[in-house]
Amino acid sequence: MNRGRPAVTGTLCKTVRQYSKGPISTENMEKLQEIAEAYSRVKNYVYDRYGGIGSLSKIYPGYTVQNEMTENGLRAELEIPSVYFYLAVFEALGDIKSRWTQTKSKILKLVGQNKNFTQEEKHYLRFLLRTNNAFEAVLNQKPMILPEEIQKKYEELAVQVEVEKQHRYLCRQVRKYHAGRSHTGRTSGFSITERAYRYGDHGIYISTKQSRKRIFVPLTDNNQYKSQLHIKLCPERAGIEILVPLKISVRRYEDYRNEVGIAWGVFTMWTTQEGHVYGGELGRYQTEYANWIREQTISYNRNRKNNAGRKKYYAKKRRLIEQMHSYINQEINRFFQMEKPKTVYAIKLPGLQMGGVNRKINHGITLWQRGYIRERLAQKCRERSVELTEVLGTDISNECCNCGTTGVKKDGMFTCEACGYRAEEKINTARNTLRRGKEGKTVNQRYTEKR
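Residues numbered from 1 in each chain as written. Predicted model: local features only at pLDDT ≥ 70, side-chain atom pairs only at ≥ 80, totals over all residues. Heavy atoms only, no water.

Peer 1: Can you lay out the overall build of the chain for me, pointing to particular residues and giving the numbers?
Peer 2: What the chain contains, in helices and strands, is 14 helices and 16 strands. Viewed in the frame of its principal axes, the chain has a C-alpha envelope of about 75 × 65 × 55 Å. Residues classed as buried in the chain amount to 44% of the 451 residues present. The contacts in the chain between residues at least 6 apart in sequence include a share of 71% that link residues at least 24 apart. Surface exposure of the chain reaches about 25,100 Å², of which carbon and sulfur atoms provide 46%. Taken as two groups, the 79 positive and 47 negative side-chain charges of the chain have centres that lie 3 Å from each other. (Helix = DSSP H or I, 4+ residues; strand = E, 2+ residues; numbered from the N terminus. Buried < 20%, exposed > 50% of the residue type's maximum accessible area, 1.4 Å probe, protein only. Contact = heavy atoms within 4.5 Å. Areas by Shrake-Rupley, 256 points an atom, 1.4 Å probe, with all protein chains shown as cover. Lys, Arg positive; Asp, Glu negative; His and termini not counted. Charge placed at Lys NZ, Arg CZ, Asp CG, Glu CD.)

Here is the structure:
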C-alpha cells in the first residue's frame, strides 16, 4: 500500500441533506401535508393490527401483511397512491420486526446471565428465540409444527428440559420487556421512492395524491440522487428538508497510528493531551446563538398578540445553526489531519445539569452542541476506521495525571500539591482520559473494528 493513500475496507451508510430554496406556497405545502397525514395513518394501522403476538406468523417475511393490506380497502379510503401506501406498510413492518429483534436480544442476554439455568435449558431457550416458528408457537400456545429437520432438532432438545416451565419463563419475559404496540403521532414527513419523484430544473418534482400531478420544489443545490428519500416538512418556515441515505467507502490510513485523549469543553470543542486545541471559536458561535435566541424569545413574548409570524426567525435560526455546524465539521476534519489517530479516547459525558444562579449561563449550556459534536466525531471515526472509545469520567478533572492524587483547579489551571505538577486544566484531563483508556477503564467502544 502506498504511504498516504487510504485503502477501502468496506462501506457504511451516511445521511446527507438537501433544503428547499425559497418558501413553498401554502397550497403545495397542504398537498405535502395530506400525504404525510395519510402515510402516518397507514403506519398506525399496521402497528395496531400486526404489532401483537397474534401476528408473529404474518410478519416474517411479510407477504401476508402486504396481501391483507391490499385487500382491506384502506388505500382507497385514504386516496393515497400505491407508491406511498406500500412504502408506509413496509416501513411500519420494519419497525415491528426491529422491536421484536430487540426483545429477543434482551431475553437472550438474560438467559445467558441466569445462573439457575442448566446448559440444556439455556440451549433450549436459545433455540426458541432464534426459530421464528417455534417462538410464535410458544407465545400463542399453539402446537409446535416445524419443518422436518428443525422439528427433529426441537424434539432432541425438548426431552432434556421441563418444557412447560421454559415456555412460561419465555412468556413472562416477553410480557415484561416487549413494550406496547408502536404508534406514530407525527405527520411531519414521509418516505418516497424513485417512482414518486424526479429531479430537474434545479429542484425536485414530488408526486401528490392527485393522479399524474406533481408539485415542484426548488432546491438550494443541484445534486441528484437515485434512492429512497425521506421528505421532512417544515411548515413553520414554508420549506422542506430531504434526507438522503448514501453508501460511502470506509477508508483506512496507513499513517494513522497515534492514540489521542481529548477533554471536552463548552467554549472550546476539545483539547488533546499535547495541548492542541480544536474548536477554539466554538464559544463565540454558541454565545452568539444563545444570546440571539434569548433576545428573540423575550421580544416574541412581549409582542405575542401583534406578532405577524416567525418565518424570519426560523430562517435566521437555521443559518446560525448551519454556520456553527459547518465550523464544527471543519475543526473535526482538521483534528484528523493533524493528529492522525488510530484510537481516540473521550470521556463519557453525563447528562446536562442545571441549577446555576446565572440564568444566561444556564440558557447557553442548554444550547451546547455536544450531542452534534459527539455524533459527527463518531461518524468521521467510522469513515476512517478509527476506534472511538469512551472512558469513565468520574472525578477525572480533579485527578493529577502525573501521580494520581487529587489536585486543585483555579483560573483554568490544575496544580497538584503532592508532586508539584502544574498544567492547564484541560490538558491534565485529556492526559487522564488517555491513561484511563489505555488501562481499559472504558464505558463502551462506539466503533468496534480493530486495526
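Peer 1: Would you mind going over the pairing of strand 7 (residues 239-252) in detail, with residue names and values included?
Peer 2: Alignment of strand 6 (residues 229-234) against strand 7, held across five bridges, turns out to be antiparallel. Across the sheet, residue Ile231 finds its bridge partner in strand 7, namely Ile242. Once strand 6 ends, the chain turns through four residues before running back antiparallel as strand 7, passing Ala238 with a positive phi of about 55°. (Pairing = 2+ DSSP bridges.)

Peer 1: Talk me through the nonpolar core; I want residue IDs and the actual numbers.
Peer 2: Soluble globular proteins tend to pack their nonpolar side chains together in the buried interior. Met69, Tyr84, Leu128, Phe190, Ile204, Ile206 and Ile240 are the most contacted members of the largest nonpolar core, which totals 69 residues. Ranked by residues supplied to this core, first place goes to helix 5 (residues 82-113) with 13 residues. Excluding residues within four positions of it along the chain, Met69 makes contact with Val42, Tyr45, Val46, Tyr50, Leu74, Phe85 and Val89. Core analysis: the next-biggest nonpolar cluster, separate from the first, contains 36 residues, Val260, Tyr285, Trp292 and Tyr372 among them. (Core = buried A, V, L, I, M, F, W, Y, C linked by side-chain atoms within 4.5 Å.)

Peer 1: Describe empty space enclosed by the protein, and please don't skip the residues or the numbers.
Peer 2: This model, assessed by the stated rule, comprises one cavity of 30 Å³ or more. Counted as a void, the largest cavity has a volume near 30 Å³. Contributing to the lining of the largest cavity are Tyr285, Glu288, Tyr289, Leu320, Gln323 and Met324. Secondary structure elements with two or more residues in the lining of the largest cavity: helix 10 (282-302) and helix 11 (311-339). Looking at side-chain class alone, the lining of the largest cavity contains four nonpolar, one polar and one charged residues. (1 Å grid on protein atoms, 1.4 Å probe; cavity = no way out; pocket = protein on both sides within 12 Å on 5 of 7 lines; lining within 4 Å. Points joined across faces, edges and corners; volume = space filled by probe spheres on them. Nonpolar A, V, L, I, M, F, W, Y, C, P; charged D, E, K, R; others polar.)

Peer 1: Give a description of the packing of helix 10 against helix 11 that names residues and reports values.
Peer 2: Here helix 10 crosses helix 11 at 165°, and the two axes come no closer than 10 Å. With respect to helix 11, the element helix 10 is oriented roughly antiparallel. In this structure, helix 10 meets helix 11 at a crossing whose hand is left-handed. Residues Leu282, Tyr285, Gln286, Glu288, Tyr289, Trp292, Ile293 and Gln296 of helix 10 form the contact with helix 11, whose participating residues are Tyr313, Lys316, Lys317, Leu320, Ile321, Gln323, Met324, Tyr327 and Ile328. Grouping the amino acids of the contact of helix 10 with helix 11 by side-chain chemistry returns eleven nonpolar, three polar and three charged. (Axes fitted to C-alpha atoms, helices over the stretch in contact; angles between N-to-C directions. Parallel < 35°, antiparallel > 145°, perpendicular 65-115°, else oblique. Left-handed = near helix turned anticlockwise from the far one by under 90°.)

Peer 1: For the side chain of Asn329, give the residues involved together with the corresponding values.
Peer 2: Within the secondary structure, Asn329 is located in helix 11. Polar side-chain contacts of Asn329 include one of 2.9 Å to the side chain of Arg376. Beyond its immediate chain neighbours, meaning those up to four positions away, Asn329 contacts Tyr372, Arg376 and Lys380. (Polar contact = N/O pair within 3.5 Å; in protein donor to acceptor, adjacent residues only side chain to side chain.)

Peer 1: Requested: an account of the packing of helix 5 against helix 6 (residues 119-130), with residues and values cited.
Peer 2: Helix-helix packing is described using two parameters, namely the angle between the two axes and the distance between the axes. In the contact formed by helix 5 and helix 6, the axes pass within 10 Å of each other and the chain directions differ by 175°. As summarised for this structure, helix 5 and helix 6 are arranged roughly antiparallel, according to the angle between their axes. Here Lys104, Ile107, Leu108, Val111 and Gly112 of helix 5 lie close against helix 6, whose contacting residues are Lys122, Leu125, Arg126, Leu129 and Arg130. The residue inventory of the contact of helix 5 with helix 6, partitioned by class, reads five nonpolar, one polar and four charged.

Peer 1: Before we move on, can you summarise the pattern of salt bridges with the specific residues and values?
Peer 2: According to the stated counting rule, one finds 21 salt bridges in the structure shown. Lys58 serves as the salt-bridge partner of Glu68, at 3.2 Å between the closest nitrogen and oxygen. Note that Glu68 is positioned in helix 3 (residues 63-71) and Lys58 in helix 2 (residues 56-59), a separation of ten residues in sequence. Arg384 serves as the salt-bridge partner of Glu383, at 4.0 Å between the closest nitrogen and oxygen. What makes Glu383 buried here is its relative accessible area of 13%. (Salt bridge = Lys/Arg side-chain N within 4 Å of Asp/Glu carboxyl O.)

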